[in-house]
Each structure stands twice: as structure tokens, then as C-alpha cells.
Amino acid sequence: MIAPSILSADFARLADEIAAVNGEPGKRADWLHVDVMDAHFVPNLTLGLPVVESILKATDIPVDCHLMIEDPDRWAVGYAEAGAHNVTVHVEAAKDPIAIAKDLRAAGAKAGLSIKPGTPLEPYLDVLKHYDTLLVMSVEPGFGGQKFIADVLDKARKARELVDTGHLKLLVEIDGGINADTIEQAAEAGVDCFVAGSAVYNADDPAQAVEALRAKAAP
Ligand code: DX5
Ligand code: ZN
């Protein structure tokens, strides 16, 4: 699965930018990744629930909300209630991640848990039993266009192994620095869903970029 991140899109032309990755089947985004940043959990500020509500009205691509915010215990469920397909919170910010997962699922969304590059996976294996998605960050969250941190692939491999052996039931997603050069390593590590911001939206033809990434991930 390819999930273009609109962080690198032109926010003044958001509907057109979303339509640009909603073309013919091979070129169509599987998920639309929306980065919500609050200038507290990360040193950047993007958009919040009102904009996500508008995006949900503007597209039928399932929306994948990545909340890089403090106090997701309070705010995450609103994105699920608005109709996001998947809502991901950061384990470093969540006070009660199991309660959040339950709230998200009760509101009809898939629950996602994200870990920053320096956060280990092992302490959260029991928590992950309550989640549908693990989002492995392959850059420090906050900005698009950063360099891929290959060290995090060990965590993706470990998660893949736990899924394949039936210990966990979740989709493994990766976010940060994914492009035509790095996506193959991530695919080899067992990642299911690839977020790509600059590699899609800085391309002349975003739909073509989606198709090219998909071809590299699953040759
Ligand atoms: C970064 C965001 C990413 C970002 C990725 O904190 O979570 O989703 O858009 O951008 P690229 O693909 O350019 O690294
Ligand atoms: Zn993201």
C-alpha cells in the first residue's frame, strides 16, 4: 500500500492535490496520509480537525491521520468520529494507549500506534495487541524531506515476524524518507504500507510517482 502524505502538497490547492493521487487503479493512493502537528509534540504546526473534516468530504480515499500532538487521549477520538479510516497516535505522547485504541475502534476507525526512531518496540508489545497499525517512524517526526534512518528497519522486521507468527495482528506502516531508493529496503523488512510525502508531491506527476513506488515495493 502507498499512502501519499499531503504534508508536501500545496495546501492552497488541497482538493486538486488529493485528486492528483486518485487516478486510474495502479496510480491510485491506497490511503491518504494526513499529518496533524501541534507545535508542541513536534516543532511544527500543520492542520487540525476542521481541515481533516473538509478533506474527508473532498475524497473517497481512506484517510490515515497521523497525530503528532500532545494529549492524544483527549483529541484522537474526534478524528475517528469525523470518519478517518485510520487514526495513529504516538506512544511517546499517549497516557493510556490501550484506552485510546478502544475509543478509536468504538468510533469506527482503525487504531494506529506510532513510535519515533529512538523508541524501542519491545516495551509496547502488549499494547500493540489492541492496535490495527504500527507506524514505524523512519525520520524524526515534524518535517517532510528528511533522510531515511535505515536503523529503524530492525523494528519493522521484528513487527513483521510477530505478525507472521501470529503474536500480533496488525499492519506495518513506515513513514519518513521513503522514495524510489529506500522503499525496497523497507519492503524487504516486511513493511505493508509506505508513506511518501516529498517523493510523491515534489514529483512532476504525483500519480506516476505512486505507481513507480508501488512497482519498487512489490516488483
Ligand atoms: C513527518 C511526517 C511524514 C512526512 C514524510 O513527520 O510524519 O508523514 O510527510 O515526508 P517525506 O516522505 O518527505 O519524508
Ligand atoms: Zn506522517
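In this text the structure is predicted, and so the values were computed from the model without any measurement.

Remarks on the overall build of the protein chain
When helices and strands are counted, the protein chain shows nine helices and eight strands. A compact globule built from 219 residues would reach a C-alpha radius of gyration of about 17 Å, and the protein chain, at 16 Å, matches this within 12%. Along the three orthogonal principal directions, the C-alpha set of the protein chain runs to about 40 × 35 × 30 Å. Per-residue burial for the protein chain yields a buried fraction of 46% across its 219 residues. Relative to all contacts within the protein chain whose residues are 6 or more apart in sequence, the contacts with residues 24 or more apart total 61%.

Structural notes on the nonpolar core
If you look at the biggest cluster of nonpolar residues, it comprises 72 residues, and the most contacted ones within it are Ala84, Val87, Ala156 and Phe194. If near-sequence neighbours (up to four positions away) are discounted, valine 87 is found in contact with Cys65, Leu67, Ala76, Tyr79, Ala80, Leu104, Ala109, Ala111 and Gly112.

Considerations on the UniProt feature "binding site: a divalent metal cation" (unreviewed entry) in the protein chain
In this structure's numbering, the residues bearing the UniProt feature "binding site: a divalent metal cation" (unreviewed entry) are His33, Asp35, His66 and Asp175. Taken together, the annotated residues stretch across 143 residues yet fold into one region, lying no more than 10.6 Å apart by C-alpha. Among the structural elements, aspartate 35 can be located in strand S2 (residues 32-37). For aspartate 35, a count of 24 C-beta atoms within 10 Å puts it in the buried group. Within the secondary structure, aspartate 175 sits in strand S7 (residues 171-175). According to the C-beta neighbour criterion, aspartate 175 is buried, with 26 such atoms within 10 Å. Beyond its immediate chain neighbours, meaning those up to four positions away, aspartate 175 contacts His66, Leu135, Met137, Ser138 and Val195.

Focus on helix H3 (residues 72-82)
Residues three or four positions apart in an α-helix share a direction because the helix packs 3.6 residues into each turn. All buried positions along H3 are accounted for by Pro72, Ala76, Tyr79, Ala80 and Ala82. Seen end-on, H3 carries its buried residues on one side only, within an arc spanning 165 degrees. Those residues of H3 hidden inside the fold are in contact with helix H2 (49-58), strand S3 (63-68), strand S4 (86-90) and helix H4 (97-106). Just beyond H3, the residue with positive phi is glycine 83, at close to 115 degrees.

Some details on the pairing of strand S6 (residues 133-137)
Judged by how many residues are buried, S6 sits mostly within the fold: five of five residues are covered. Burial along S6 is two-sided: Thr133, Leu135 and Met137 facing one way and Leu134 and Val136 facing the other are all buried. One ladder, built from four bridges, connects strand S5 (residues 110-115) with S6; its direction is parallel. Its bridge partner being in S6, leucine 113 is matched across the sheet by leucine 134. Relative to S7, S6 runs parallel, the two being bridged by five bridges. Residue pairing for S7: methionine 137 is matched across the bridge by aspartate 175. The handedness of the S6 to S7 crossover, carried by helix H6 (residues 153-164), is right-handed.

Side note on the sheet that holds strand S1 (residues 2-4)
Across the sheet, which stays open at both edges, the eight strands sit in the order S1-S8-S7-S6-S5-S4-S3-S2 with parallel pairing between neighbours. Two strands close off the open sheet at either side, each with one partner strand: S1 and S2. The average angle at which neighbouring strand axes cross in this sheet is 25 degrees, direction not considered. When S4 meets S5, the two strands line up parallel, connected through five bridges. Pairing of valine 89 across the sheet is with leucine 113, part of S5. The sheet strands contacting H4 are S4 and S5, and the helix crosses S5 at an angle near 145 degrees.

Cut-off values and rules
Residues numbered from 1 in each chain as written. Chains lettered and ligands numbered in written order. Predicted model: local features only at pLDDT ≥ 70, side-chain atom pairs only at ≥ 80, totals over all residues. Helix = DSSP H or I, 4+ residues; strand = E, 2+ residues; numbered from the N terminus. Rg over C-alpha atoms; globule rule 2.2 N^0.38 Å. Buried ≥ 20, exposed ≤ 12 C-beta atoms within 10 Å, placed from the backbone. Contact = placed C-beta atoms within 7 Å. Core = buried A, V, L, I, M, F, W, Y, C linked by C-beta atoms within 7 Å. UniProt positions renumbered as here; feature names shortened; annotations may be inferred. Arc of directions from axis to C-beta. Pairing = 2+ DSSP bridges. Right-handed = clockwise from strand over helix to strand, strands pointing away. Axes fitted to C-alpha atoms, helices over the stretch in contact; angles between N-to-C directions.

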